[in-house]
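# Results of the structural survey
Next come the chains, spelled out residue by residue.
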Amino acid sequence: EAFQFLSKQRRLDQQELEEVKTILSTRPNKKILQDHIRQKTGKLVTLRDIANQDVKIKSTGTNLEEIFGDISGTALEINNGFRDDLIEQYFKLGFSRYEILACLLVSHGIKISLSQLKRILTRRGLWRRGRQSPLEDVISGIEHELKGNGIGIGYRSMWQRLREDHELVVSRETVRCALKVIDPRRVKARQKHRLERIENQEVPAGRPEVLFVLPEMEDHRDLKVNVNLDELDMAVELCCSEGPELDCSVEFLQLAQIIMTEQIIDMPVPPEDARNLYLFLVNVIENIL
């Protein structure tokens, strides 16, 4: 195993090196990049190797344009509004400015400079530092998530949802403090690593769905049984039929409509008029029968 850490064994070939340069140009997390290289090539590169390669790229002035080539002649003629929409979408997904530039260049063939990207972000009011969404909107977003399937998530996941689903600009610290005020009991339970029942219609009996779908994960017996679909449809038809819309029998409704048409009676609005009409209809129908 120690043999694999020798410099000759860690050395990347030209194709692998070009891929690393491409990824480094987007300013990635070096630990994640190290895991990616090890999984793809099987070579045990070190963080020092990646750092050295990063220094080489910076010292030689290598940038996105040099790595991917000058594609200005083949770039698609894209409407500036569409380009700006792409930038806004990537920004709201949490991409950094360098990652946005890389995505535009590689995925869409759009080449712009960093300063131009900054101007577009400023023009669209997209910046993260010094700009926070109103606290009322943040609290409203948290309460909305707590009413749904976000009731059991931590503040980091809540922060991500507020950014992506509600398009709010808020710090994780603000979300953490807000959760402690809005839902202190569950925050304490999470800190103690306790599993609590939650009020959520999407989750059976307030427990995580995985306990029902994959009971073997917790060493429990699977109690699911096979059901004939025809028998299930028959049971639904016999036992789950909806009641009448106006809470009366179909026959009574038909007779009432005939009587109201003959007597030229409109549907009442005040509750008292509705009560009087009902008593009148009952009296007429009893006389008919």
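Residues numbered from 1 in each chain as written. Predicted model: local features only at pLDDT ≥ 70, side-chain atom pairs only at ≥ 80, totals over all residues. Heavy atoms only, no water.

## Some remarks on the overall build of the protein chain
When helices and strands are tallied, the protein chain shows 16 helices and zero strands. Per-residue burial over the protein chain gives 27% buried out of 289 residues. Pairs at least 24 residues apart make up 54% of the contacts formed inside the protein chain by residues separated by at least 6 positions. In the structure as shown, the protein chain presents an accessible area of about 21200 Å², 52% of it carried by carbon and sulfur atoms. (Helix = DSSP H or I, 4+ residues; strand = E, 2+ residues; numbered from the N terminus. Buried < 20%, exposed > 50% of the residue type's maximum accessible area, 1.4 Å probe, protein only. Contact = heavy atoms within 4.5 Å. Areas by Shrake-Rupley, 256 points an atom, 1.4 Å probe, with all protein chains shown as cover.)

## Topic: the packing of aromatic side chains
A full pass over the atoms with the stated rule returns one aromatic pair. Between F252 and Y278 the ring centres are 6.1 Å apart and the planes differ by 50 degrees, which places this aromatic pair in the tilted class. A residue pair is termed long-range when its members are at least 10 positions apart, and F252 in helix α15 (residues 250-262) and Y278 in helix α16 (residues 271-288) qualify at 26 residues. Geometry around W159 places R172 over its ring, the cationic atom sitting 5.1 Å from the centre. (Phe/Tyr/Trp six-rings, centres within 6.5 Å; stacked < 30°, edge-to-face > 60°. Lys NZ or Arg CZ within 6 Å of the ring centre and 35° of its normal.)

## Some details on the side chain of K43
Inspection of the secondary structure puts K43 in the loop between α3 (30-41) and α4 (47-59). Contact partners of K43, with chain neighbours within four places excluded, come to Q9, R10, R11, L12, D13, E16, I37 and R38.

## Describing the pattern of salt bridges
Applying the stated criterion to the full structure yields eight salt bridges. In this structure, E88 engages R124 in a salt bridge whose closest nitrogen and oxygen atoms are separated by 2.5 Å. One end of the pair, E88, is in helix α6 (residues 80-92); the other, R124, is in the loop between α8 (114-123) and α9 (135-146), and 36 residues separate them in sequence. Residue classification places R124 among the partly exposed residues on the basis of a relative accessible area of 30%. Residue E272 pairs with R275 through a salt bridge whose shortest N-O separation is 3.8 Å. Of the two residues, E272 and R275 both sit in helix α16, three residues apart, roughly one turn of that helix. Residue classification places E272 among the partly exposed residues on the basis of a relative accessible area of 46%. You can call R275 partly exposed: its relative accessible area is 49%. Several salt bridges share partner residues, and in doing so they unite R83, D84 and R123 into one network. (Salt bridge = Lys/Arg side-chain N within 4 Å of Asp/Glu carboxyl O.)

## Regarding α6
Working note: α-helix, 3.6 residues per turn, so residues spaced by three or four point in the same direction. Here α6 contains 13 residues, and its C-alpha end-to-end distance of 18 Å stays within 8% of the 18 Å for a straight helix at 1.5 Å per residue. Listed in full, the buried residues belonging to α6 are R83, D84, L86, I87, Y90 and F91. Along the axis of α6, the buried residues cluster in a sector spanning 155 degrees; they form a single face. Taken together, the buried residues of α6 touch α7 (97-108), α8 and α10 (155-164). Count one or two residues on from α6 and you reach G94, which has phi positive near 95 degrees. (Expected span 1.5 Å × (residues − 1). Arc of directions from axis to C-beta.)

## Observations regarding the nonpolar core
With 14 residues, the main nonpolar core has I87, Y90, I100, L104, I112, L117 and L121 as its most contacted residues. The contacts of L104, once residues within four sequence positions are left out, are L86, I87, Y90, G109, I110 and I112. Among the nonpolar cores identified, the runner-up in size contains 13 residues, and V138, I153, M158 and L162 belong to it. (Core = buried A, V, L, I, M, F, W, Y, C linked by side-chain atoms within 4.5 Å.)

## Notes on α15
Helix length check: α15 (13 residues) gives 19 Å between terminal C-alpha atoms against 18 Å at 1.5 Å per residue, within 8%. On its buried side, α15 packs onto α16. Where α15 terminates, the next one or two residues include I264, which has phi positive at roughly 55 degrees.

From the geometry alone we can't say anything about function, so treat these as descriptive.
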